[in-house]
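In case you want the letters, here they are:
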Amino acid sequence: MTGTPRTLAEELRTRTDRGLVGLLRARPDLLNPVPGDVTQLATRAGTRASVVRAVERLDRFVLQTAEALAVAPDPCPYDTLGALMAGDTGDPAVAAELPRAVAELRAQALVWGPDERLRLVRTARELLTPSAAHPSPTGLGPTVAEAMAGMSPGLLQEIIAAAGLPTTHDPVTAVASLAALFSDRPRMAALLDTAPAESVAVLDKLLWGPPYGGVTDRPAPHLQWLLDRGLLIPAGARNVVLPREAALHLRGGRAHHTPEPVPPALSPATEHDPQLVDNAAANQAFTALATVEELLKEWDLGGPAVLRAGGMSVRDLKRTATALDTTEQLAAFWLELAYAAGLIASDGEADERFAATPAAEEWLQLPDHERWAALAAGWLAATRAPGIVGTADAKGRALAALGPHLDRSPAPEVRRRALGLLATLPPGTAVPATAVLARLQWERPLRGGAPAAGQAPAAADGATATPGADPADDLRSRLAHWTLTEAELLGVTGRGALSTHGRTLIDTVSDSAAPTPAETTAAATRAAALLAPLLPEPVDHVLLQADLTAVAPGPLRRPLAEALGVLADIESKGGATVYRFTPGSVRRALDAGRSAAELQEFLATHSRTPVPQPLAYLIDDVARKHGQLRIGAAAAYVRCDDDALLSEILADRRAAALRLRRLAPTVLAAQTSPDQLLDGLRAMGYAPAAESAAGDVLIARADSYRTPPRTAPAPVPDGPPSPDPTLLAAAVRAIRAGDLAATAERKPVHAPAPAAPGALPRTTSAETLATMQAAVLTNSALWIGYVNADGAASQRVIAPVRVEGGFVTAYDHTSDEVRTYPLHRITGVAELADDSV
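Everything quoted here is computed from the prediction, not taken from an experiment.

Asks: Just checking my understanding: could you explain the overall build of the protein for this structure?
Replies: For the protein, the helix and strand inventory stands at 33 helices and 26 strands. Relative to the globule expectation of 28 Å for 837 residues, the C-alpha radius of gyration of the protein, 39 Å, shows a markedly less compact shape. Along the three orthogonal principal directions, the C-alpha set of the protein runs to about 125 × 90 × 55 Å. In the protein, which comprises 837 residues, the proportion classed as buried is 47%. Once local pairs closer than 6 in sequence are excluded, the contacts in the protein between residues at least 24 apart make up 65%. For the protein, the accessible area works out to roughly 39500 Å², and carbon and sulfur atoms hold 55% of it.

See below:
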């Protein structure tokens, strides 16, 4: 194809396969389904939904370029665009980056045409052109022609006369004359030199937007001067607007107050020793593992109930936060982290509640670095945002932890990009979170964000404009802020800098913004291998002390930690964990089936210090009393060989609530359940033991409660997935083949004139069969119309191989495969011109 393309479709046809691949990779929504030809591709690229998605992914300078094109003449020469971006004085940084911006818009099919005739696609122009209902970030208003549409011819003539222009015979030439005056710098400067100072001040207020202001029924003389000369144009009963041409003159030709061709720098930077960063991250990673493990232990016998609307209640979240010794917001993060890794879920029973999953058992048995890899991979790919827990949804209802409506599809992309920015810094270098947020806002300008720097909302005669929203309140900014906080909690970063294993975590094989789950898992595994040497080695001993405490000098091996957790209570955590032995904790171990001798032997085996005498006495004393009283189900009863002890219990006024009575010298009956009776007597200072129906002591061994097998929650994708190279290559082949079928020049069979372009060929059955048989003999290609079983019509280019039994077997250039077609579904056939294939 030669000459200037007249449409976007014609320009797309001139692109190389590599160019089409780039378009489809940048805008994957165009692939669903694969366009039948280039015309369909161009049409789909111009739909509103697709253009909005593409515009939202432009960086700030490219978006500013598109906004400038939206207020420029259509088509717009490149030099005119450069003047709008750099102004009359020029800007070397803008001039250097403008070719990149235009190339990016072209690559995404938002701009087409040669440099001397740049055209913004119609839908993008509609989105970005300023209007009263949808102001532009440029702060510009409508053109003179748009603002004066519908104005009476007499008033038009009065305005151009007041502006010093000759009167005309029609409104069109009058508007064109006034627009030419405002665009002529010398004449416009001469007109403004005669303006009152107050009039110039009003123009300065409206200069950078919003361009609309309010006036009274009787405008002040300085406002009337502007209205008389068209420098302010009525835009309603009491509103006026500054026309675009006049604003551009006052701005020195610039469409934006502050063009931003260069992204904000990641500064100020703070340098740390990379080894210290890795160690700090490793320590925090170990703390993260301990916190999740403690959560699973807390829910070992089952977690809180599931709300009817889903999620857990505020009360249960507070209890979890207390158990983890953290805040409710951080507790929500740990809950969502375990949920994303598939370690906790709802059990799905009638009385639904949360609990650990079977996968949690497997996770607990893994080495520490592999457990961290599972958490990190789940966190990186998760679309759930714990940071919004407790905030209100659209209906004013509070969002619950582990509940629905927490998915935010941009979260994985924002996490990767925020960590990717830290990865561009030298190892051990940290920057403030504000610097990262500023860069992310430049890369993905926020919809509804605040005005650009220096763009103060203004108005005339007291009218005010609504300022934009604070970018810090935007979802992407909040996601980025949460990412930096969560990365520190998880041990991906240390002291604000990305760790060595953190760099490996985000280093995936895929070039796309959304790597596959397999790539994410593989990267997490490589990162965990780097983390493993930095994690503390579990120890197999404790240090018993005379004050009934034991000090664990490091993380304990799992069997030792589990056994010691039954025998003693954790008093404090940190680099060294302190356990305290109490009568209640020793009784708990005895209830679990351990004897006093076994407890003494356990402590002697795992302590680097001798068992202190007070601890030995405590164990023996509790064991001597343990089980002396026996409780069973009557409703409940107390049995004891020492009838004096039972008499003592009956005489104790604290036992009144248990409603005890003597059945025999050694048996008391109660009107409460065995559990309540057991707790009541223990509260009175006794050490009863439960017994079975056979009279044996019941061992209170905790049976872990687990949900049925559950999979981790699937992330909610942010639009269509990024296509792989194989799909892109196949899609381009299909588009080229379909385009060939739609645009190839045809020679009709027994027809007086060529078929209309794009129309299905029409031939009789006999003509179709004869043409097919001839094509088999000559090995030539044909253009056919085909209607499938669903009634969908399409055009195809085929090379027939065999015709028999009412079917034709042919190589289909459109689908790039050999297919068989029923002859009765072929509407017609035509030979291709000699130079078409």
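Back to the text.
Asks: How should I be thinking about the environment of Leu380 in this particular structure?
Replies: Its place among the elements puts Leu380 in helix H20 (residues 368-381). Look at Leu380 and you get buried, because its relative accessible area is 1%. Taking C-alpha positions, Leu380 is 9.8 Å from Thr521, a pair spaced 141 residues apart along the chain.

Asks: Help me understand helix H30 (residues 643-651), please; the structure alone is not making it clear to me.
Replies: For an α-helix the count is 3.6 residues per turn, leaving residues at separations of three or four pointing the same way. Every buried residue of H30 is listed here: Leu645, Leu646 and Ile649. Projected down its long axis, H30 shows its buried positions confined to an angular sector of 100°, all on one face. Turning to H30, the residues buried within the fold contact strand E17 (636-639), strand E18 (661-664), strand E19 (667-670) and helix H31 (674-683). In this structure Asp642 caps H30, since a side-chain oxygen of it lies 3.1 Å from the backbone nitrogen of Ala644.

Asks: Sorry if this is basic, but what is going on with the nonpolar core here?
Replies: Soluble, globular proteins show a tendency: their nonpolar side chains are buried together. Residues Leu24, Leu81, Met148, Leu178, Phe182 and Leu232 are the most contacted members of the largest nonpolar core, which totals 88 residues. With seven residues, the single largest contributor to this core is helix H5 (residues 60-70). Look past the residues within four positions of Met148 in its chain and what remains in contact with it is Leu156, Ile159, Val175, Leu178, Gly230 and Ile233. In terms of nonpolar packing, the next biggest core, distinct from the first, is built from 70 residues, Leu266, Leu343, Val436 and Leu489 among them.

Asks: What should I look at first to understand empty space enclosed by the protein in this one?
Replies: Summary: where empty space remains is shown by rolling a probe the size of a single water molecule over the atoms. For the coordinates displayed, the defined rule picks out four cavities of 30 Å³ or more. Put simply, the largest cavity is a space of about 80 Å³. Forming the walls of the largest cavity are Phe333, Glu336, Leu337, Ala340, Trp379, Ala382, Arg384, Pro386, Arg415 and Glu486. At four residues, helix H18 (residues 328-340) tops the list of elements feeding residues into the lining of the largest cavity.

Asks: Teacher, can you tell me more about the packing of H5 against helix H7 (residues 92-107) here?
Replies: The angle between the axes and the distance between the axes are what describe a pair of packed helices. Interhelical geometry of H5 versus H7 gives an angle of 80° and a closest axis separation of 9 Å. The orientation of H5 with respect to H7, classified from their angle, is roughly perpendicular. Between H5 and H7, the residues in contact are Phe61, Val62, Thr65, Ala66 and Leu69 and Val94, Glu97, Leu98, Arg100, Ala101, Val102, Glu104 and Leu105, respectively. Across the contact of H5 with H7, the residue classes tally to nine nonpolar, one polar and three charged.

Asks: It is not clear to me how the sheet that holds strand E3 (residues 212-214) should be interpreted in this structure. Could you clarify?
Replies: Hydrogen bonds between backbone groups are what pair the strands of a sheet, and the pairing can be parallel or antiparallel. Taken together, the three strands give an open sheet; going across it, the order is E3-E5-E4, and neighbouring strands pair in antiparallel fashion. Of all the strands in the sheet, just E3 and strand E4 (233-234) have a single pairing partner and so form its edges.

Asks: Looking at this model, I keep getting lost on the confidence of the model for the protein. Mind explaining?
Replies: Do not read the predicted coordinates in detail wherever pLDDT is low. Across the protein, pLDDT averages 86, with 91% of residues at or above 70. Strand E21 (residues 746-748) is the least confidently modelled element of the protein, averaging 54 in pLDDT, while strand E11 (residues 497-498) averages 96, the highest of any element. Throughout residues 447-472 the model reports pLDDT below 50, and contacts reaching past four residues in sequence, or to other chains, amount to 51 contacts. Overall, residues 749-755 carries pLDDT values under 50, and its contacts beyond four positions in sequence, including any with other chains, amount to nine contacts.

Asks: Sorry if this is basic, but what is going on with the pattern of salt bridges here?
Replies: Between side chains of opposite charge, a pair can form when the charged atoms approach closely. Overall, the coordinates contain 34 salt bridges when judged by the stated rule. Across the pair Asp115 and Arg106 runs a salt bridge, and its minimum N-O distance is 2.8 Å. Judged by relative accessible area, which is 38%, Asp115 ranks as partly exposed. Taking the shortest distance from any N to any O, the salt bridge between Arg654 and Asp652 comes out at 2.9 Å. The class of Arg654 is exposed, set by a relative accessible area of 52%.

Asks: Please clarify how the environment of Glu271 should be interpreted in this entry.
Replies: The topology assignment puts Glu271 in strand E6 (residues 270-271). For Glu271, a relative accessible area of 69% gives the class exposed. The spatial distance from the C-alpha of Glu271 to the C-alpha of Ala734 is 52 Å, given a sequence separation of 463 residues. With residues near it in sequence (within four places) discarded, Glu271 still touches Gly428 and Thr429.

Asks: Could you clarify how one ought to interpret the sheet that holds strand E14 (residues 569-572) in this entry?
Replies: Judged by pairing direction, the sheet is antiparallel, and its four strands sit side by side in the order E12-E13-E15-E14 without closing on themselves. Single-partner strands in this sheet number two, and they are strand E12 (543-545) and E14. Each strand of the sheet is rotated relative to its neighbour by a mean of 30°, with strand direction disregarded. Pairing of E12 with strand E13 (residues 549-552), which is carried by three bridges, proceeds in the antiparallel orientation. Its bridge partner lying in E13, Leu544 is registered against Ala550.

Asks: Can you help me understand the packing of helix H22 (residues 433-443) against helix H23 (residues 475-490) in this one?
Replies: Remark: H22 packs on H23, axes separated minimally by 10 Å, with the N-to-C direction vectors making an angle of 140°. As far as their axial angle goes, H23 and H22 are oblique. The two elements H22 and H23 cross, and the hand of that crossing is right-handed. In this structure, H22 uses Ala433, Val436, Leu437, Leu440 and Gln441 to contact H23, whose residues at the interface are Ser477, Ala480, His481 and Leu484. When its residues are assigned to classes, the contact of H22 with H23 shows six nonpolar, three polar and no charged.

Asks: What am I meant to see in the side chain of Thr577 here?
Replies: By secondary structure assignment, the location of Thr577 is in strand E15 (residues 577-580). On the basis of relative accessibility, which here comes to 17%, the residue Thr577 falls in the buried class. Sequence-distant contacts of Thr577, defined by excluding residues within four places in its chain, comprise Ala550, Val551, Ala552, Ile570 and Ser572.

Asks: Hey, could you run me through H22 in this one?
Replies: Counting buried positions over the 11 residues of H22 gives eight, a clear majority of the element. Regarding H22, the residues found buried are Ala435, Val436, Leu437, Arg439, Leu440, Gln441, Trp442 and Glu443. Where H22 is buried, its residues touch H5, H7, helix H21 (411-423) and H23.

Asks: Where do I start with the packing of aromatic side chains in this structure?
Replies: How two aromatic rings sit relative to each other is given by the distance of their centres and the angle of their planes. Per the counting criterion, the structure on display carries three aromatic pairs. Geometrically, the ring pair formed by Phe333 and Trp334 is tilted, given 5.0 Å between the ring centres and 55° between the ring planes. With relative accessibility at 4%, the residue Phe333 sits in the buried group. Its relative accessible area of 5% is what places Trp334 among the buried residues. Relative to Tyr821, the ring of Tyr786 has its centre 4.9 Å away and its plane inclined at 75°; by these criteria the two rings are edge-to-face. Of the two residues, Tyr786 sits in strand E22 (residues 782-787) while Tyr821 sits in strand E25 (residues 817-822), which places them 35 residues apart along the sequence. Each member of the pair, Tyr786 as well as Tyr821, carries the same accessibility label: buried.

Asks: Would you mind showing me how to read the pairing of E18 here?
Replies: Remark: a regular strand shows side chains that alternate across the two faces of the sheet. Both E18 and E19 contribute to a ladder of three bridges, which runs antiparallel. Within E19, the position partnered with Ala664 by the bridge is Val667. What sits between the antiparallel neighbours E18 and E19 is a turn of two residues.

Cut-off values and rules
- Residues numbered from 1 in each chain as written.
- Predicted model: local features only at pLDDT ≥ 70, side-chain atom pairs only at ≥ 80, totals over all residues.
- Heavy atoms only, no water.
- Helix = DSSP H or I, 4+ residues; strand = E, 2+ residues; numbered from the N terminus.
- Rg over C-alpha atoms; globule rule 2.2 N^0.38 Å.
- Buried < 20%, exposed > 50% of the residue type's maximum accessible area, 1.4 Å probe, protein only.
- Contact = heavy atoms within 4.5 Å.
- Areas by Shrake-Rupley, 256 points an atom, 1.4 Å probe, with all protein chains shown as cover.
- Arc of directions from axis to C-beta.
- Polar contact = N/O pair within 3.5 Å; in protein donor to acceptor, adjacent residues only side chain to side chain.
- Core = buried A, V, L, I, M, F, W, Y, C linked by side-chain atoms within 4.5 Å.
- 1 Å grid on protein atoms, 1.4 Å probe; cavity = no way out; pocket = protein on both sides within 12 Å on 5 of 7 lines; lining within 4 Å.
- Points joined across faces, edges and corners; volume = space filled by probe spheres on them.
- Axes fitted to C-alpha atoms, helices over the stretch in contact; angles between N-to-C directions.
- Parallel < 35°, antiparallel > 145°, perpendicular 65-115°, else oblique.
- Nonpolar A, V, L, I, M, F, W, Y, C, P; charged D, E, K, R; others polar.
- Pairing = 2+ DSSP bridges.
- pLDDT = per-residue confidence, 0-100.
- Salt bridge = Lys/Arg side-chain N within 4 Å of Asp/Glu carboxyl O.
- Left-handed = near helix turned anticlockwise from the far one by under 90°.
- Phe/Tyr/Trp six-rings, centres within 6.5 Å; stacked < 30°, edge-to-face > 60°.

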